[in-house]
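A look at the structure
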Amino acid sequence: MSGEVSSLDFAPLSEVSALPGATNVGSAIGLYARQTAGFDERVARTVEVLKQAAADFGPGALQSTSLGVEDMVITDLIARHGLPIALATLDTGKLHAETLALIPRIHDRYGIEVEVFAPVREQVVHFVRANGEEPMYRSVELRKACCGVRKLEPLSRMLAGRTAWITGLRREQSANRAEVPFREDDGHGRTKINPLAEWSWADVWHYVQQHVVPYNPLHDEFMPSIGCAPCTRAIAVGEDFRAGRWWWEDSSKECGLHATHAEPDSPSATESEPEASPPTSTSGAQA
């Protein structure tokens, strides 16, 4: 690895989050990092899952990173163990500047290039002209249509030709993800690998603290799950882990990237992927 990071400096916070372990004011590390029983064993299992993925799928394996803290931990493990697994991310055109800033930080820290996939500009222009800049607030259907254009279509290009993709899904994140396995069929002939499936939030931050893993400073502002800027807010005391995503909706808090962990009556990822011309009404693509 190159460009070792000596320290991470984050502004203090003024309130306490609802997440497990949040007992004092400070950075996310200060709030959540703690070693719990079996941590070293969970790290060892995760390393074996990643090594096996590299052995089984070779260049067909890809880490699809959201640049959230879980994915940053996985990237650190890939780099730390010298695994030949490529990295890619989605730039939806609506991400926070703090999120995008992690792309060059990954290169500086680990010497790894992150391939960036963006939505098709013409589709975005067409969608915005038809529905406005922020149609997601008007209906669940329009929000999911926006996800279709900005996330699902570029994801389909990201995964083209791949046989396996690696995600940061954890069972603790939501009820829909409570049964996440280490490996699963993504419904499109690929294997989805979730190496942190059994990790807790405390595990994630303990690892970050141990290895000085770069992370999004928005995590310090009570945003445990970070997506597009219009669709992410801080969570309050007593709220669920993903409550800050699409907070105005009564939904499963999924966009379609992980269709196997959406609500039972959600359309499949196949149905979710937008056509060449993006939807112009609420009958469009579903995520």
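For clarity, every value in this text was computed on a predicted model and none was experimentally measured. (Residues numbered from 1 in each chain as written. Predicted model: local features only at pLDDT ≥ 70, side-chain atom pairs only at ≥ 80, totals over all residues. Heavy atoms only, no water.)

Brief notes about the overall build of the chain
- Each helix and strand in the chain was counted, giving nine helices and six strands.
- Burial status across the chain gives 55% buried among its 287 residues.
- In the chain, 72% of the contacts between residues at least 6 apart in sequence involve partners at least 24 apart.
- Accessible area of the chain: about 12000 Å², with a carbon and sulfur share of 50%. (Helix = DSSP H or I, 4+ residues; strand = E, 2+ residues; numbered from the N terminus. Buried < 20%, exposed > 50% of the residue type's maximum accessible area, 1.4 Å probe, protein only. Contact = heavy atoms within 4.5 Å. Areas by Shrake-Rupley, 256 points an atom, 1.4 Å probe, with all protein chains shown as cover.)

Section: the sheet that holds strand β5 (residues 183–185)
- What the six strands build is an open sheet, ordered β3-β2-β1-β4-β6-β5; its pairing is mixed. A strand with exactly one partner marks an edge of an open sheet, and here the two such strands are β3 (114–117) and β5. Here the average twist between neighbouring strands, direction ignored, is 30 degrees.
- Taken together, the three bridges between strand β1 (residues 61–64) and strand β2 (residues 86–90) define a ladder with parallel strand orientation. Directly across from Ser64, in β2, lies its bridge partner Ala88.
- Packing of helix α3 (residues 69–80) onto the sheet brings it into contact with β1, β2 and β4 (164–166), and relative to β1 it is tilted by some 140 degrees.
- Across the sheet, helix α7 (residues 140–158) is in contact with β1, β2, β3 and β4; its angle to β2 comes to roughly 160 degrees. (Pairing = 2+ DSSP bridges. Axes fitted to C-alpha atoms, helices over the stretch in contact; angles between N-to-C directions.)

Structural notes on the pairing of β2
- With four of five residues buried, β2 is to be regarded as a mostly interior element.
- Running through α3, the crossover from β1 to the neighbouring parallel element β2 is right-handed. (Right-handed = clockwise from strand over helix to strand, strands pointing away.)

Structural notes on the environment of Ala53
- Assignment of secondary structure puts Ala53 in helix α2 (residues 39–57).
- Using a relative accessible area of 0% as the deciding quantity, one classes Ala53 as buried.
- On a C-alpha basis, the gap between Ala53 and Lys192 in space is 10.0 Å, while along the polypeptide they are 139 residues apart.
- Setting aside residues up to four positions removed in sequence, Ala53 forms contacts with Gly58, Ala61, Arg183 and Ile193.

Quick look at the state of the cysteines
- In this structure the tally under the stated criterion is zero disulfides.
- Between Cys146, a cysteine without a disulfide, and Cys147, which holds the nearest cysteine sulfur, the sulfur-to-sulfur distance is 6.1 Å.
- Residue Cys146 is classed as buried on the basis of its relative accessible area of 8%.
- According to the relative accessible area criterion, Cys147 is buried, its value standing at 6%. (Disulfide = S-S within 2.5 Å.)

Thoughts on the nonpolar core
- Val73, Ile106, Trp205, Tyr207 and Val208 are the most contacted members of the largest nonpolar core, which totals 45 residues.
- Counting residues per element, the ones that place at least two in this core are α1 (28–32), α2, α3, α5 (102–110), β4 and α8 (201–211).
- It is α2 that contributes the most residues to this core, eight residues altogether.
- Those residues in contact with Val73 that sit more than four places away from it in its chain are Leu196, Trp199, Val204, Tyr207, Val208 and Val213.
- Listed in part, the ten residues of the second largest apolar core include Met136, Cys147, Val149 and Cys231. (Core = buried A, V, L, I, M, F, W, Y, C linked by side-chain atoms within 4.5 Å.)

Concerning α7
- Taking 1.5 Å as the rise per residue, α7 with 19 residues should run 27 Å; its terminal C-alpha atoms sit 25 Å apart, in good agreement.
- Along α7, the helix axis deviates most sharply at Gly148, where the bend reaches about 40 degrees.
- Of all 19 residues in α7, 15 are buried; the element is thus mostly enclosed. (Expected span 1.5 Å × (residues − 1). Bend = angle between axes of the 7 residues up to and from the residue.)

Notes on the packing of α2 against α3
- At a minimum axis distance of 11 Å, the contact between α2 and α3 shows a crossing angle of 70 degrees. On the basis of the axis angle, α2 is roughly perpendicular to α3. For the pair α2 and α3, the crossing hand works out as right-handed. Contacts between α2 and α3 involve Thr46, Val47 and Leu50 from the first element and Ile74, Leu77 and Ile78 from the second. (Parallel < 35°, antiparallel > 145°, perpendicular 65-115°, else oblique. Left-handed = near helix turned anticlockwise from the far one by under 90°.)

So, helix α6 (residues 121–131)
- Along α6, the positions that sit buried rather than exposed are Gln123, Val124, Phe127, Val128 and Asn131. Looking down the long axis of α6, one finds its buried residues gathered within 125 degrees of arc, a one-sided arrangement. Residues Arg121, Glu122 and Arg129 are exposed on α6 and point more than 90 degrees away from its buried face.
- Contacts from the buried residues of α6 go to α7. (Arc of directions from axis to C-beta.)

Some thoughts on the packing of aromatic side chains
- Across all of its chains, the model carries nine aromatic pairs by this definition.
- Ring geometry for Tyr32 against Trp201: centres 5.7 Å apart, planes inclined by 55 degrees, an arrangement best described as tilted. With a gap of 169 residues between them, Tyr32 in helix α1 and Trp201 in helix α8 connect regions that are remote in the sequence.
- Judged by its relative accessible area of 1%, Tyr32 falls in the buried class.
- A centroid spacing of 6.4 Å and a plane angle of 55 degrees characterise the contact between Tyr137 and Trp247, whose relative ring orientation is tilted. Of this pair, Tyr137 sits in the loop between α6 and α7 while Trp247 is found in the loop between α8 and α9 (269–272), placing the two residues 110 residues apart along the sequence.
- A residue is classified by how much of its surface remains accessible, and Tyr137, at 38% relative accessible area, is partly exposed.
- By way of ring pairs, the aromatic residues Tyr32, Trp201, Trp205 and Tyr215 are connected into one cluster.
- Arg171 extends its terminal NZ or CZ atom over the ring of Phe182, reaching a point 5.7 Å from the ring centre. (Phe/Tyr/Trp six-rings, centres within 6.5 Å; stacked < 30°, edge-to-face > 60°. Lys NZ or Arg CZ within 6 Å of the ring centre and 35° of its normal.)

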